[in-house]
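Structural overview
Chain residues, written in single-letter form:
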Amino acid sequence: MALHEEHASGATNARGGASRTTSGAPAEDPPNALKVALATEHFLDGDSKVELARRHGMSRFQVARLLEEARSEGIVRIQIVDPSAVGHDHAPLAERLGIASVTVAAVRPGESMRAALARHAASRLTALLDEGSRLGIAWSRTLMHLPDSLDSLPRVDVIQLVGPVSTPGYSTAQSGALIHTLGHLAGGQVWALPAPLVVESARVAASLRAMEEVRSTLDAADALDVAVVAIGAWNEGASTLWARLTPDERRRAHEAGVVAEICGTVIDGAGALWHSATEDRVIGVRPDQLRRARVIAVAPAVGRPEAVIAAARSGMVDDLVLSPELADQVAARLE
């Protein structure tokens, strides 16, 4: 945690040098000039109150009182900067990826990396959302932490981008609860998607898409303003879709060069979408709908920089939130 002391009035200090101030305005009132001198020597030069008392012919208690008055009167202003509150903006990396921003998440003590990624995504989200917007939310083991970092949201409508899914350690109930929790924070209309991410056949998927509840949610995604999604690397444990495909489908995806997945859409290393019979079984937001929105994507899969690069090249991602290690891996891959 960094602590900065700033001084609002100007004066000549007891050593004959010009004191440091924020406004540059000279202090005309002698008592204020003394407070500025004491504050400069104590907070910036590091002199103790005992040293100041001896130098200025005062008691240590008088020095302490004047320093306290300097703070209460605004002569001294204290700014506390928590390095973990905001991520590091990597503009050069964003430029190389061809997207709007890359945030490298700083982890707080005791915080998991997934929680840190969600916290930084939440910060980016609140900066982009306006009253009356439409917010799209996917689900992942990272994004389930979003509500922990959001006390409130502007009044916006919330749209579920993919149906409830289960992953090891998480149930479909938790997946569905995320959209309603965020909807409660936003106070707008909630479009839930009461259908699985992927079903056993194209016929079943078409039947579900025809249901009023499903169709209305998918149609609402046409007017997305901001969306938050997760990038899944194309391997076991890193993609919610991967485990729901047959071994033959996985093999064909691998042969096609698939390296990433976003909301059930699979992407090859060049950023192109993989078109196959598999996509007919997926129920969720379409790539063209995401491309019309401002999309924040978290990428937790350290060791798979190709997934991040492919997602950026796909045109479906505008803002990335990465761990420091993955950001370094992406940068190295682009060299």
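All values reported here derive from a predicted model rather than from experimental measurement.

Helices and strands together make up the secondary structure of the protein, namely 12 helices and 13 strands. Burial status across the protein gives 47% buried among its 335 residues. In the protein, the proportion of contacts linking residues at least 24 apart, taken out of those at least 6 apart, comes to 68%. Only carbon and sulfur atoms are counted for the fraction: they give 50% of the accessible area of the protein, which is about 15,300 Å².

Moving on, we come to the nonpolar core. The biggest cluster of nonpolar side chains holds 80 residues, and the ones touching the most others in it are L135, I262, L290 and L320. A total of six residues in this core trace back to one element, the largest contributor, which is helix α11 (residues 305-313). When sequence neighbours within four positions are dropped, the list of residues in contact with L135 reads L125, L129, L153, V156, D157, V158, I159, L224, V226 and V228. Grouped together as the second largest cluster of nonpolar side chains are 12 residues, V63, L67, I75 and V76 included.

Two faces make up the sheet, and in a regular strand the side chains alternate between them. Counted residue by residue, strand β10 (residues 258-262) has five buried out of five residues, so it is predominantly covered. Of the pairings in the sheet, the one linking β10 to strand β11 (residues 265-268) comprises four bridges and is antiparallel in character. Pairing of I262 across the sheet is with T265, part of β11. Linking two consecutive strands that pair antiparallel, namely β10 and β11, is a turn of two residues; a positive phi of about 50° is found at C263 within it.

Moving on: the packing of helix α2 (residues 49-56) against helix α3 (residues 60-72). Their axes nearest at 8 Å, the elements α2 and α3 cross at an angle of 105°. In this view, α2 runs roughly perpendicular relative to α3, as classed from their interaxial angle. Within the contact between the two elements, α2 uses K49, V50, L52 and A53 and α3 uses R60, V63, A64 and L67. Its residues placed into classes, the contact of α2 with α3 shows six nonpolar, no polar and two charged.

In this structure, C263 takes a positive phi of about 50° despite not being glycine. The topology assignment puts C263 in the loop between β10 and β11.

Quick look at the sheet that holds β10 now. Strands sit in the order β9-β10-β11 across an open sheet of three strands; the sheet is antiparallel. Since the sheet does not close on itself, it has two edges, and those belong to β9 (232-233) and β11, each with one partner.

Relative to the helices and strands, V104 is located in strand β4 (residues 101-104). For the pair V104 and A327, spaced 223 residues apart in the sequence, the C-alpha separation amounts to 6.8 Å.

With that settled, consider the side chain of T217. Along the chain, T217 falls in helix α8 (residues 212-220). According to the relative accessible area criterion, T217 is buried, its value standing at 2%. A polar atom in the side chain of T217 sits 3.2 Å from the backbone oxygen of E213. Setting aside its immediate chain neighbours within four residues, T217 contacts I159, Q160, W191, A192 and L193.

The rules behind these values
Residues numbered from 1 in each chain as written. Predicted model: local features only at pLDDT ≥ 70, side-chain atom pairs only at ≥ 80, totals over all residues. Heavy atoms only, no water. Helix = DSSP H or I, 4+ residues; strand = E, 2+ residues; numbered from the N terminus. Buried < 20%, exposed > 50% of the residue type's maximum accessible area, 1.4 Å probe, protein only. Contact = heavy atoms within 4.5 Å. Areas by Shrake-Rupley, 256 points an atom, 1.4 Å probe, with all protein chains shown as cover. Core = buried A, V, L, I, M, F, W, Y, C linked by side-chain atoms within 4.5 Å. Pairing = 2+ DSSP bridges. Axes fitted to C-alpha atoms, helices over the stretch in contact; angles between N-to-C directions. Parallel < 35°, antiparallel > 145°, perpendicular 65-115°, else oblique. Nonpolar A, V, L, I, M, F, W, Y, C, P; charged D, E, K, R; others polar. Polar contact = N/O pair within 3.5 Å; in protein donor to acceptor, adjacent residues only side chain to side chain.

Worth remembering: the numbers are spatial, not functional.
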